[in-house]
Amino acid sequence: MTLTRRDLLRTSVTSAAGLVVAFHVPHGARVAQAQPAPAAALPPANAFLRIGADDSVTVLLAHSEMGQGSWTGLAMMVAEELECDWSKVRCEHAPAAPVYAHPVFGVQMTGGSSATWSEFERYRTVGAIAKDMLIRAAAARWKVSPATCHAANGVVTSGKNQLSYGKLAAAAMALTPPKAVQLKDPKAWKLLGTRVRRLDTPEKITGQAKFGIDVQFPGLRVAVVARPPAFGAKLGKFDATEAMKVAGVEKVVPTANGVAVVAKHFWAAKLGRDALKIDWTAPEGGGIDTTKQMAEFHAKARTKGDSVVDKGKVDDVMAGAKTKLVSEYEFPYLAHASMEPLNCAVKIDGDRCEIWTGTQFQSVDQIIASKILGITPDKVTIHTMFLGGGFGRRANPTSDFVAEAVIVAKAAGVPVKVVWTREDDMRGGYYRPAYVHRIQAGLDDQGRPIAWDHVVVGQSIIAGTPFEGMMMKHGIDPTSVEGLADSPYLESTGAVRVSLHSPKTAIPVLWWRSVGNTHTSFAMESMIDEAAHAAGQDPLAYRMALLKEKPRHAAALALAADKAGWSTPPAAGRARGMAVHESFGSIVAHVAEVSVEHGRIRVHTVTSAVDCGTAVNPLAVEAQVQGSVAYGLSAALYGKLTLAGGKVQESNFHDYPVVRMHDMPKVTVHLIQSGAKMGGVGEPATAPIAPAVANAVFALTKQRLRSLPLKLV
Amino acid sequence: MKLDINGSVREVDAPAEMPLLWVIRDLLGFTGTKFGCGMAQCGACTVHLDGQPVRACVTPVSTVGNRKVRTIEGLSTDGSHPVQRAWAEADVVQCGYCQSGQIMTTVALLAEKPDPSDSEIDAALSGNICRCGTYVRIREAVHLAARLSRGGAK
């Protein structure tokens, strides 16, 4: 990448004769209260939109593009109100600055399947403000009333007068932004709600898209880091003699808990790293073993944890239940395994620092980098590159991969790009935590649940992070029980007890696409399926009866079942299973059709119904559902990290398999435009695929598989 | 040594065992070819040697000889290659990181099998991992690219 060119583009913003719309909508503010921009020209850091003299429209994204399509979706919001020519719209990642803080979460970040719903007002307002200023600029030029002017397709028209946005941008910029704008009635939308293809396709099909790992500039060195081989191990002495002999290796520097080899290029750095001789201390207590840990979790699951839900007299009702079911479900640690291994480039220049990386967590990275360097956050510039997958791994409260790169660049005294190998990435921690659920369900004489006793055991993701104070309530990490504490099935059950154990371990954990729902959905939808079977009822009819008070869940499930042909038997040797789950404000139902081939589970089709309220771009929603199915299916069929002595045994895609082309089912997505409050789509289809498949496997084989990944016996 | 890459011959100073991937990326600056696994498991580094798809991450540069190296940048820079056009039409990409490899594998597949069946697509593309799960649209795009390559209507 040509940094000088990028820098030029950036700096040209301040001098170009273009319109810069910049303002900040305070949290919770209504559109009419949008703050006007100060009269003086604002720095580009405050801008959401630029209109160039060449009619180009550049939207600055407060959210990172990691595949989910915000690069297109947020631009659609601006363009809808701006009435510009869609073919002239381009996007750029915004720099890290307070003005780009997430409208709800308060820091600049991408996550929680929130970009679309959280920015829906702000980005449309940006477009509306700019249109207002362009019209007023045109009216002043022609000496007519703005009311006579009409803006469409990037052109303002009044009678015979006509000027493109590019020709009006400079004059518009000199005007005071409006105090309030009226957003369009959804009925008048031309772009929103339609199937719009992605704006980032041209660069991503020609190899021109720049990811963090692609950052190159003169003087930039590449580092590969030796990190502790086991969680809990610490750096002892190291000998860099052999590493320094590798051609291309220039420096060897210690990090916080490792050793970095800095070289001319990746290959030399990797050979150098592999040639290091390091004494690592053994982890305290010998380190975690998966088998032992799971036995401990199962034992804990037989004891009550911290109270999450407690309603009715569970023990009494359970004692009087006609049928009692007890099941335990088990979930391993999972790596995110994004296609692009972690990396981060850092250049330190006096009291300034520049960072190039694919990150979901700009504000946190900026603050942590500034602390390491002893400078203020505003002195840290973050260039957000395309993310070669995020899935939560690139939103780390510890900023591990950024912090380490800053430390290496500082120690090396040269600009450095730290690149992780696949093995480094897979063994580097911050996993979806391992969990065990134990459920006791008491059913009445009609087979309906009347008592539910549920114990969850697994590490908290937010304990010990800066988010603990904000998110933890009464010792409960809400991400450990999301999708369970609020399960519709428990709402319709009279006596419910849910409790949580959050053991602390040396294994770093993190949010993983769909977070807690990845295990709660499986436990709930498997147990409900078990209950339906125990009641001798059809899985669909059983669920529909329980979801009477949940019309959106019921509608999604009914639609998926109908489209999957639930009422007609599948082909011989196949069976179907279902699951419905609400997360991130959206409801997803899947029906999976499976067979067993050569002892392996084969998923042929997945029929999905999705209610995300309003689908801003159905083409993108469908892509997210297809992708979430693949991601969730990888966990259902393959995903498992195994620890021995605190060391992760898996290392690469040969022993941590993921879904490949031949595993991929045909996925059909049906959208429900319910008009309900808008939800997210990046994650919600991930969690319910595993239980849908497991329930289908049960229907086919009568084997109830209660551990992920699913393994037939 | 000399490397014939994307139509021009470049002089590179690299150790014999250095994988072609890192020569392409770090020494020649063609960053469209990606690093994903380093052991021929994911296909992100797929390039062509005389039209044959290879995993550049496990191909020592010294073994390339005078074979012609073609990377994604050598396909077309404006997205006009039929496979690229099909990818755009089917709106395949998500994060995009694996797509250079997916496209290069597909180009080689279509050269061999102009109208591949689903099982031939499975066989050819199972070596290319996509964590975003764009497989459904990749399959659609491969069929579309086959039609475009044959000059058929969309």
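The rules behind these values
Residues numbered from 1 in each chain as written. Chains lettered and ligands numbered in written order. Predicted model: local features only at pLDDT ≥ 70, side-chain atom pairs only at ≥ 80, totals over all residues. Helix = DSSP H or I, 4+ residues; strand = E, 2+ residues; numbered from the N terminus. Rg over C-alpha atoms; globule rule 2.2 N^0.38 Å. Buried ≥ 20, exposed ≤ 12 C-beta atoms within 10 Å, placed from the backbone. Contact = placed C-beta atoms within 7 Å. Pairing = 2+ DSSP bridges. Axes fitted to C-alpha atoms, helices over the stretch in contact; angles between N-to-C directions. Domains from an automatic or database assignment. Nonpolar A, V, L, I, M, F, W, Y, C, P; charged D, E, K, R; others polar. Parallel < 35°, antiparallel > 145°, perpendicular 65-115°, else oblique. Left-handed = near helix turned anticlockwise from the far one by under 90°. pLDDT = per-residue confidence, 0-100. Core = buried A, V, L, I, M, F, W, Y, C linked by C-beta atoms within 7 Å.

Peer 1: Could you clarify how one ought to interpret the overall build of chain A in this entry?
Peer 2: Tallying secondary structure elements over chain A gives 20 helices and 27 strands in all. Expected size for 713 residues packed as a compact globule is a radius of gyration near 27 Å; at 27 Å, chain A falls within 12% of this value. Here the C-alpha coordinates of chain A stretch approximately 80 × 70 × 50 Å along the principal axes. The buried share among the 713 residues of chain A stands at 56%. Intrachain contacts of chain A at a sequence separation of at least 6 include 78% that bridge at least 24 residues.

Peer 1: Would you mind showing me how to read helix α1 (residues 20-27) of chain B here?
Peer 2: The α-helix advances 3.6 residues per turn, and as a result positions three or four apart in sequence lie on the same side. The buried fraction of α1 of chain B amounts to 7 of the 8 residues, a majority that puts the element mostly inside the structure. Burial in α1 of chain B covers these residues: Leu20, Leu21, Trp22, Val23, Ile24, Arg25 and Asp26 of chain B. Those residues of α1 of chain B hidden inside the fold are in contact with β8 (221-226) and α7 (266-274) of chain A together with β1 (2-5) and β3 (46-49) of chain B. Residue glycine 29 of chain B follows α1 of chain B closely and has a positive phi angle near 80°.

Peer 1: Explain the sheet that holds strand β24 (residues 600-611) of chain A here, please?
Peer 2: Backbone hydrogen bonds are what pair the strands of a sheet, in a parallel or an antiparallel way. Residues and elements named next belong to chain A. On the basis of which strands lie adjacent, the open sheet formed by 4 strands has the order β22-β23-β24-β27 and mixed pairing. Looking at which strands have only one partner, the edges of the open sheet turn out to be β22 (575-583) and β27 (666-671). Across the sheet, the mean angle separating the axes of adjacent strands is 20° when strand polarity is ignored. Both β22 and strand β23 (residues 586-597) contribute to a ladder of 9 bridges, which runs antiparallel. Across the sheet, the residue bridging to alanine 575 is valine 594, located in β23. In the packing of helix α19 (residues 618-637) onto the sheet, the strands contacted are β24 and β27, and the crossing angle to β27 comes to about 135°.

Peer 1: Looking at this structure, I do not really get the environment of alanine 140 of chain A. What am I missing?
Peer 2: Residue and element names in this part refer to chain A. Note on placement: alanine 140 falls in helix α3 (residues 115-142). The class of alanine 140 is partly exposed, set by 15 C-beta atoms lying within 10 Å. Residues alanine 140 and alanine 171 lie 31 residues apart in sequence; the distance between their C-alpha atoms is 9.2 Å.

Peer 1: Can you help me understand the domain arrangement of chain A in this one?
Peer 2: Where the parts come together, the accessible area they lose is often given as the size of the interface. Residues and elements named next belong to chain A. You can read the domains of chain A as domain 1 (3-204), domain 2 (217-282 + 341-427) and domain 3 (301-332 + 431-701). Among the secondary structure elements, those contributing two or more residues to the side of domain 1 that touches domain 3 are α2 (70-82) and α3. Here the side of domain 1 that touches domain 3 is built from residues that sort into 5 nonpolar, 10 polar and 2 charged.

Peer 1: Is there a simple way to think about the packing of helix α2 (residues 82-89) of chain B against helix α5 (residues 135-149) of chain B in this case?
Peer 2: All names here are of chain B. It is the contact of α2 with α5, at a shortest axis distance of 8 Å, that shows an interaxial angle of 135°. Comparing their axes, α5 and α2 come out oblique. In terms of crossing hand, the pair formed by α2 and α5 is right-handed. Taking contact as the criterion, the partners of Pro82, Val83, Arg85, Ala86, Trp87 and Glu89 in α2 are, on α5, Ala141, Leu144, Ala145, Leu148 and Ser149. Looking at the contact of α2 with α5 residue by residue, the class counts come to 8 nonpolar, 1 polar and 2 charged.

Peer 1: Just to check I follow, could you spell out the interface of chain B and chain A for this structure?
Peer 2: The partner chain A presents 50 residues to the 47 residues of chain B that form the contact. Elements with a minimum of two residues in the side of chain B that touches chain A: α1, α2, α3 (99-112), α4 (118-125) and α5 of chain B.

Peer 1: What should I look at first to understand the domain arrangement of chain B in this one?
Peer 2: Residues and elements named next belong to chain B. According to the domain assignment, chain B contains domain 1 (2-74) and domain 2 (82-149). Spacing between the C-alpha centres of domain 1 and domain 2 amounts to 20 Å. Every contact between the two is made by 15 residues of domain 1 and, on the other side, 12 residues of domain 2. Broken down by secondary-structure element, the contributors of at least two residues to the side of domain 1 that touches domain 2 are β3 and β4 (52-55). Ranked by the residues each element gives to the side of domain 1 that touches domain 2, the list is headed by β3, at 3 residues. Among the residues forming the side of domain 1 that touches domain 2, the class breakdown is 6 nonpolar, 8 polar and 1 charged.

Peer 1: Before we go on, may I ask you to explain the sheet that holds strand β6 (residues 155-158) of chain A in this structure?
Peer 2: Residue and element names in this part refer to chain A. Here 3 strands make up an open sheet; going across it, the order is β5-β6-β7 and the pairing antiparallel. With one partner strand each, in any of the chains shown, β5 (150-152) and β7 (161-164) form the two edges of the open sheet. Ignoring strand direction, the axes of neighbouring strands in this sheet form an average angle of 20°. α3 contacts β5, β6 and β7 of the sheet and is inclined by roughly 45° relative to β6. Sheet strands touched by helix α4 (residues 165-173): β6 and β7. Its angle to β7, the strand with the most contacts, is close to 85°.

Peer 1: Looking at this model, I keep getting lost on unusual backbone geometry. Mind explaining?
Peer 2: All names here are of chain A. For the bond running from leucine 708 to proline 709, omega is -5°, close enough to zero to count as cis. By the secondary structure assignment, proline 709 is in the segment after α20 (689-701). Here the phi dihedral of serine 399 falls at roughly 50°; this positive angle occurs in a residue that is not glycine. Residue serine 399 is classed as buried on the basis of its 26 C-beta neighbours within 10 Å. For histidine 598, which is not glycine, the phi torsion reads 50° and is therefore positive. Among the structural elements, histidine 598 can be located in the loop between β23 and β24. For histidine 598, a count of 5 C-beta atoms within 10 Å puts it in the exposed group.

Peer 1: Would you mind showing me how to read the packing of helix α17 (residues 539-546) of chain A against helix α18 (residues 551-563) of chain A here?
Peer 2: Geometry of a packed helix pair, given as the angle between the helix axes and the separation of the axes. Residues and elements named next belong to chain A. Axis separation between α17 and α18 bottoms out at 10 Å; the angle between their running directions is 165°. The angle between the axes of α17 and α18 places the two elements in the roughly antiparallel class. With respect to the hand of their crossing, α17 and α18 are arranged in left-handed fashion. Of the residues in α18, those touching α17 at Leu540, Arg543 and Met544 are Ala554, Leu557, Ala558 and Ala561.

Peer 1: What's the story with the environment of glycine 38 of chain B in this structure? I'm lost.
Peer 2: Along the polypeptide, glycine 38 of chain B turns up in the loop between α1 and β3. Assessed through the 21 C-beta atoms surrounding it within 10 Å, glycine 38 of chain B is described here as buried. Sequence-distant contacts of glycine 38 of chain B, that is, excluding residues within four places in its chain, are made with Thr421 and Arg422 of chain A together with Cys57 of chain B.

Peer 1: Hey, could you run me through the pairing of strand β10 (residues 249-254) of chain A in this one?
Peer 2: Along a regular strand, successive side chains alternate from one face of the sheet to the other. Residues and elements named next belong to chain A. Both β10 and strand β11 (residues 259-263) contribute to a ladder of 5 bridges, which runs antiparallel. Of the residues in β11, the one forming a bridge with proline 254 is valine 259. Taking the residues between adjacent antiparallel strands as the criterion, β10 and β11 are bridged by 4 residues.

Peer 1: Whenever I open this one, the confidence of the model for chain A confuses me. Can you help?
Peer 2: Residues and elements named next belong to chain A. Scored by pLDDT, chain A has a mean of 93; 94% of the residues are at 70 or more. Of all secondary-structure elements in chain A, the lowest mean pLDDT belongs to helix α1 (residues 3-15), at 28, while strand β18 (residues 416-419) reaches the highest, 99. This model gives residues 1-18 a pLDDT under 50, and the stretch forms 25 contacts once residues within four places in sequence are excluded. For residues 22-46, every residue scores under 50 in pLDDT, and the model assigns this stretch 46 contacts once sequence neighbours within four places are set aside.

Peer 1: Just to check I follow, could you spell out the nonpolar core for this structure?
Peer 2: One broad rule of soluble globular proteins: the nonpolar side chains tend to lie buried together. In terms of nonpolar packing, the biggest core is built from 280 residues, with Leu134, Ala223, Val261, Ala405, Val408 and Val693 of chain A touching the most fellow members. Apart from residues lying up to four places away in sequence, valine 408 of chain A is in contact with Ala223, Val225, Val253, Thr255, Ala260, Val416 and Val418 of chain A.

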